[in-house]
Amino acid sequence: MNKLLDKINAAMGKIKAELVLKDAFIINVFTQTIEKKDIAICDDVIVGIGKYEGNQEINCEGLFVAPGFIDSHVHIESSMVTPEIFSDLVIKKGVTTIVADPHEIANVLGEKGIEFMLENSKKGDIDTFFMLPSCVPAVDFEDNGAVLEADNLEKFINHPKVLGLGEVMDVNAVTSGNKDMLKKILMVNNQNKSIDGHCPKIDEKELNAYLCANVTTDHECTNYEEALQKVASGMYVMLREGSAARDLKKLLPAVNDKNYSRFIFCTDDRHIEDLVDEGSIDNCIRIAIDEGMDPVKAYTIASFNAANCYGLKDRGAISPGMKADLVIFKDIKKLKIKNVIKNGKIYKDNHIYEDVFIKPSVNVDCIKEDLFHIEAKGKFVNVIKVHPGLLVTKKEKREVKVNRGLVQCVEGKGEIVNKIAVIERHKNSGKHSVGFIEGLGLKKAAIAQTIAHDSHNIIVLGDNDKDMEIAVNNIIHNNGGIAFVSQGRLLECLELPIGGLMTSQNPDLVMDKVTKLNLLAVKFGIKKEVDPFLTLAFMALPVIPDIKITSRGLFDYSKFDFIDLFTDV
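In this text the structure is predicted, and so the values were computed from the model without any measurement.

## Structural notes on helix 16 (residues 507-523)
Look at helix 16: 24 Å from first C-alpha to last across 17 residues, which is about the 24 Å you get at 1.5 Å a residue. Within the span of helix 16, buried status applies to Pro507, Val510, Met511, Val514, Leu517, Asn518, Leu520 and Ala521. Its buried side turned inward, helix 16 meets helix 2 (83-91), helix 11 (272-277), strand 24 (481-486), strand 25 (489-495) and helix 17 (532-538). At the exit of helix 16 stands Gly525, carrying a positive phi of roughly 105 degrees.

Shown next, in the form of structure tokens:
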């Protein structure tokens with residue numbers, strides 16, 4: 001009662017507030033205006049807007065203040081660092097709350113993966129909420145490390161940091177009434193919690209059926225017309241700007257004065273170097289404003305809309321009674337952050353990170369280069385065609401050159417065609433498949449990694465079998481990570497011992513390794529506009545159109561079935 005009384009007295013001006021931001025240009029998400037006033041804070045709550053005095057005061061003359069930014073959908077694992085470290089990276093970018101889906105680590109370690117994320121995130125400065133992974137595996141024919149049914153998830157549903165069910169990628173499981181999927185959905189609906197969607201290129205009746213399950217969001221719109229259709233049906237549409245998937249600019253035409261409240265920003269999958277160099281949700285704001293969006297609307301989408309979407313009623317706006325999560329910055333268009341207030345305190349960068357040890361997750365024997373040999377069964381093959389900035393691929397038909405009964409190479413149309421392979425690494429089953437990919441352009445080298453959405457088997461790209469062998473064996477030896485090999489030599493590697501996805505190393509060291517890997521990728525032919533490692537990771541995800549590769553072979557999304565590598569078999 002005393003704390004509440006102190007807040008009331010501070011709001012009335014009877015006592016000084018603990019902290020006051022003086023003469024700030026405040027972004028008002030309710031009125032869509034900017035007001036010049038003081039912001040009074042006691043404990044972790046805003047107690048007043050107006051004219052106040054404080055025990056501590058910050059002069060905000062000429063500065064703007066916005067509500068703390070909210071990343072509405074993110075896979076922390078894609079940053080390759082732990083939740084604790086991720087928190088420290090994004091709070092510097094004004095992000096004070098995230099809604100994370102731990103389905104990457106869950107696909108490797110199951111329930112223990114979720115437990116690790118919940119526990120480690122407590123050490124971070126931001127508020128990390130979670131959506132329970134709905135599709136582990138992503139689809140029932142995947143070869144991942146764990147299976148999570150409703151009974152496995154039920155133990156987490158009432159956790160205070162769990163907001164609902166993560167992206168339901170298996171749309172067919174919903175529309176066909178799959179009992180296991182419906183059981184998960186009902187478990188969440190019975191708790192009145194949220195369900196995230198993942199439904200690219202869905203038709204009208206399928207969307208209606210999907211929404212009957214109370215799915216509320218989608219981050220997989222392929223164009224602005226699709227975004228408008230989903231908003232008109234009652235969904236929140238996420239404007240995504242990740243590392244591989246950069247959809248924000250093409251979806252912005254869907255946002256207008258009448259419907260902007262149904263849009264939220266997300267990063268989904270963002271590499272550490274992009275977080276550090278470009279930013280997180282702050283990057284989304286800058287892009288939206290550069291593309292012509294009203295700045296106040298951009299800051300509203302970054303905070304208030306996301307809070308409303310997930311029922312976070314204590315944040316997302318600057319008003320009395322709201323959590324004091326605030327971003328102080330210069331230049332409303334360029335967003336130059338000066339300070340971040342979290343829970344009423346000025347964030348200070350003095351974090352010491354703890355080492356994390358977790359049991360090995362790469363359970364596969366070392367391989368030989370003949371694993372990548374392909375017997376020539378025809379003259380033409382199906383090839384995965386990659387487009388920069390998109391996760392959606394295209395199926396192309398290309399002619400092969402044959403030598404002694406084996407495919408020697410594939411003739412690309414003006415572009416290099418590389419080999420790509422996926423090797424199951426969780427249960428040492430021996431399952432693997434080899435195919436071809438066009439549009440990356442790797443020359444005289446190979447890249448292997450244990451990041452391969454969502455099953456996170458080993459995926460390897462290369463233009464020769466020997467380098468591919470060496471790269472794969474390196475990450476097996478390191479218990480996960482990324483390896484870059486050229487002409488038989490290991491040029492660089494990043495060890496990711498936590499599920500083959502993350503490390504607890506100092507982020508500066510991780511950044512140094514990633515920077516070197518990126519420079520090597522460009523040096524050996526990868527296009528500058530392509531994030532090679534994140535793009536490669538998504539080539540194994542069969543729930544994104546049009547063609548992908550898993551440990552069982554090539555998968556055609558339009559047929560929702562596997563297809564032969566050779567078109568003329």
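## Observations regarding the pattern of salt bridges
With the rule as written, the count across this model stands at 44 salt bridges. Between Asp349 and Lys92 there is a salt bridge; the shortest N-O distance is 3.1 Å. You can see Asp349 sitting in the loop between strand 16 (345-346) and strand 17 (380-385) and its partner Lys92 sitting in the loop between helix 2 and strand 7 (95-100), a full 257 residues away along the chain. Of the charged contacts in the structure, one is a salt bridge between Arg240 and Asp268, with a shortest N-O distance of 2.7 Å. Placement of the pair is Arg240 in strand 12 (residues 236-240) and Asp268 in the loop between strand 13 (263-266) and helix 11, with a sequence separation of 28 residues.

## Side note on a nonpolar patch on the surface
On the surface, Leu4, Ile8 and Met12 cluster together to form a nonpolar patch covering roughly 320 Å² of accessible area. Tracing the sequence through the fold places Met12 in helix 1 (residues 2-12). The class for Met12 is exposed, based on a relative accessible area of 59%.

## A look at the packing of aromatic side chains
Summed over the entire model, instances satisfying the criterion amount to 12 aromatic pairs. Between Phe30 and Phe304, the aromatic rings sit 5.3 Å apart at their centres with planes inclined by 80 degrees, giving edge-to-face as the arrangement. Within this pair, whereas Phe30 is found in the loop between strand 1 (17-28) and strand 2 (33-42), its partner Phe304 is found in helix 14 (residues 304-309), the two being separated by 274 residues in sequence. With a relative accessible area of 48%, Phe30 lands in the partly exposed category. What makes Phe304 buried here is its relative accessible area of 18%. Summarising the aromatic geometry, the rings of Phe484 and Phe524 are spaced 5.5 Å apart at their centres and angled 50 degrees between planes, so their arrangement reads as tilted. Of this pair, Phe484 sits in strand 24 while Phe524 sits in the loop between helix 16 and helix 17, and the two are 40 residues apart along the sequence. With respect to burial, Phe484 and Phe524 carry one shared label: buried. Cluster of aromatic residues (ring-pair linked, three or more members): Phe25, Phe64, Phe69, Tyr299 and Phe329. In this structure, Arg262 is placed above the aromatic ring of Tyr236, and the distance from its NZ or CZ to the ring centre is 4.0 Å.

## Looking at the sheet that holds strand 18 (residues 394-403)
One open sheet holds the nine strands; their spatial order is 19-18-17-21-20-23-22-24-25, and the pairing between them is mixed. Of all strands in the sheet, those bounded by a partner on one side alone are strand 19 (406-410) and strand 25. Here the strands of the sheet are splayed against their neighbours by 30 degrees on average, with no regard to which way each runs. Of the pairings in the sheet, the one linking strand 20 (residues 417-423) to strand 23 (residues 458-462) comprises five bridges and is antiparallel in character. Following the sheet pairing, Ile420 is matched in strand 23 by Leu461. The strands touched by helix 15 (residues 465-477) are strand 20, strand 22 (446-449), strand 23, strand 24 and strand 25; relative to strand 24, the strand with the most contacts, the crossing angle is about 150 degrees. Sheet strands touched by helix 16: strand 24 and strand 25. Its angle to strand 25, the strand with the most contacts, is close to 140 degrees.

## Observations concerning the nonpolar core
Within the largest apolar cluster, 168 residues are counted, with the highest numbers of intra-cluster contacts made by Phe69, Phe265, Ile285, Tyr299 and Phe372. Counting 20 residues, the second largest nonpolar core, distinct from the first, contains Ala24, Ile41, Met322 and Leu326.

## Overview of the environment of Leu248
Take Leu248: it is sitting in helix 10 (residues 248-251). Taking the C-alpha atoms as reference points, Leu248 and Lys36, 212 residues apart in sequence, are found 31 Å from one another. Among residues more than four places away in sequence, those in contact with Leu248 are Leu239, Arg240, Glu241, Phe265, Cys284, Ile287 and Ala288.

## Describing the domain arrangement of the protein chain
One can read the domain layout of the protein chain as domain 1 (1-68 + 316-347), domain 2 (69-315) and domain 3 (369-567). Taking both sides of the interface into account, the surface hidden between domain 2 and domain 3 amounts to around 3,600 Å²; carbon and sulfur atoms contribute 67%. When the buried surface of domain 2 facing domain 3 is broken down by residue, Met80, Phe141 and Asp143 rank first, second and third, together holding 21% of it. Where domain 2 packs against domain 3, one counts three salt bridges. Close ionic contact of Lys431 with Asp143 constitutes a salt bridge, the shortest N to O distance being 3.0 Å. Here domain 2 and domain 3 share 14 residue pairs in polar contact (both at pLDDT 80 or more) between them. Of all elements in the fold, only helix 2, helix 3 (103-109), helix 4 (111-121) and helix 11 reach the threshold of two or more residues within the side of domain 2 that touches domain 3. Tallied by class, residues from the side of domain 2 that touches domain 3 come to 18 nonpolar, 10 polar and 15 charged.

## Here we look at the sheet that holds strand 26 (residues 547-550)
Read across the open sheet, the three strands follow the order 26-27-28; overall the sheet is antiparallel. In this open sheet, the two edge strands, each paired with only one partner strand, are strand 26 and strand 28 (561-563). Averaged over neighbouring strand pairs, the angle between their axes works out to 45 degrees when direction is ignored. With three bridges connecting them, strand 27 (residues 553-556) and strand 28 associate as antiparallel partners. Each bridged residue has a counterpart across the sheet, and for Asp556 the counterpart in strand 28 is Asp561.

## Brief notes about the UniProt feature "domain: Adenine deaminase C-terminal" (unreviewed entry) in the protein chain
With numbering aligned to this structure, UniProt lists the feature "domain: Adenine deaminase C-terminal" (unreviewed entry) at residues 391-560. Helix and strand shares over residues 391-560 are 22% and 35% respectively, and the end C-alpha atoms of the span are 17 Å apart.

## So, the pairing of strand 18
Here strand 17 runs beside strand 18; their pairing, made up of six bridges, is antiparallel. Pairing of Val381 across the sheet is with Arg398, part of strand 18. Both strand 18 and strand 19 contribute to a ladder of four bridges, which runs antiparallel. Bridging from a neighbouring strand, Val402 pairs with Val407 of strand 19.

What counts and how
Residues numbered from 1 in each chain as written. Predicted model: local features only at pLDDT ≥ 70, side-chain atom pairs only at ≥ 80, totals over all residues. Heavy atoms only, no water. Helix = DSSP H or I, 4+ residues; strand = E, 2+ residues; numbered from the N terminus. Expected span 1.5 Å × (residues − 1). Buried < 20%, exposed > 50% of the residue type's maximum accessible area, 1.4 Å probe, protein only. Contact = heavy atoms within 4.5 Å. Salt bridge = Lys/Arg side-chain N within 4 Å of Asp/Glu carboxyl O. Patch = residues over 30% accessible without salt bridge, like charges linked within 9 Å, V, L, I, M, F, W, Y side chains within 5 Å. Areas by Shrake-Rupley, 256 points an atom, 1.4 Å probe, with all protein chains shown as cover. Phe/Tyr/Trp six-rings, centres within 6.5 Å; stacked < 30°, edge-to-face > 60°. Lys NZ or Arg CZ within 6 Å of the ring centre and 35° of its normal. Pairing = 2+ DSSP bridges. Axes fitted to C-alpha atoms, helices over the stretch in contact; angles between N-to-C directions. Core = buried A, V, L, I, M, F, W, Y, C linked by side-chain atoms within 4.5 Å. Domains from an automatic or database assignment. Buried area = accessible area lost by both parts, 1.4 Å probe. Polar contact = N/O pair within 3.5 Å; in protein donor to acceptor, adjacent residues only side chain to side chain. Nonpolar A, V, L, I, M, F, W, Y, C, P; charged D, E, K, R; others polar. UniProt positions renumbered as here; feature names shortened; annotations may be inferred.

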